[in-house]
Amino acid sequence: MSPAEGVTARLAELGIVLPPVAAPVAAYVPAVLDGDRVWTSGQLPFVDGALPATGKVGEGPGLVPPADAAGLARVAALNALAALGSVVDLDRVERIVKVVVFVASDPSFTGQPAVANGASVLLGEVFGVPHARSAVGVAVLPLDAPVEIEVVARLR
């Protein structure tokens, strides 16, 4: 994204409509503005208030396939952008600085980076610059979600 092009225009160019901000499921807010940074709370891949899939990510019966989980990470990234937009005009967001992707993983699953790419590719398309990232396998996530992401953004 060029400095002259805002996030809102870039989203429209990509045909992306952000979802409503996901309601918190406990005692927290979706995002916090602190100086020139916005920190999102963990964002689950809610679609219309529900999780489209639950469970552990991995290969095999009863598991969420990694490609599906990458798609869910993309949805969670869209929810993170909506959370950012709940506290600041998205056109003030200069770049995404850091993304943390948690993947509820079957014990034998080691493909967390590929799942996290679902979020990173989307954010790269929107902002045009890379970000720092962690992709972490965990035993379980809230509401049995397969993925959860956090984002830190820098403002203009």
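The text that follows walks through the structure, step by step, so that each part is easy to find. (Residues numbered from 1 in each chain as written. Predicted model: local features only at pLDDT ≥ 70, side-chain atom pairs only at ≥ 80, totals over all residues. Heavy atoms only, no water.)

Here we look at the packing of helix 2 (residues 66–85) against helix 3 (residues 112–127)
Line of reasoning, step 1. Running from N to C, helix 2 and helix 3 point in directions that differ by 40°, and their axes come no closer than 7 Å. Relative to helix 3, the element helix 2 lies oblique. At the point where helix 2 passes helix 3, the crossing takes the right-handed sense. In this structure, helix 2 contributes Pro66, Ala69, Ala70, Ala73, Arg74, Ala77, Leu78 and Leu81 to the contact, and helix 3 contributes Ala114, Val115, Gly118, Ala119, Leu122, Leu123 and Phe127.
Line of reasoning, step 2. Looking at side-chain class alone, the contact of helix 2 with helix 3 contains 13 nonpolar, one polar and one charged residues. (Axes fitted to C-alpha atoms, helices over the stretch in contact; angles between N-to-C directions. Helix = DSSP H or I, 4+ residues; strand = E, 2+ residues; numbered from the N terminus. Parallel < 35°, antiparallel > 145°, perpendicular 65-115°, else oblique. Left-handed = near helix turned anticlockwise from the far one by under 90°. Contact = heavy atoms within 4.5 Å. Nonpolar A, V, L, I, M, F, W, Y, C, P; charged D, E, K, R; others polar.)

Topic: helix 1 (residues 7–14)
Line of reasoning, step 1. Within the span of helix 1, buried status applies to Val7, Arg10 and Leu11. Looking straight down helix 1, one finds its buried side chains confined to an arc of 100°; they lie on one side. For helix 1, the exposed residues lying more than 90 degrees away from the buried face are Ala12 and Glu13.
Line of reasoning, step 2. Those residues of helix 1 hidden inside the fold are in contact with helix 2, strand 3 (93–104) and helix 3.
Line of reasoning, step 3. Gly15 sits one or two positions beyond helix 1 and adopts a positive phi of about 75°. (Buried < 20%, exposed > 50% of the residue type's maximum accessible area, 1.4 Å probe, protein only. Arc of directions from axis to C-beta.)

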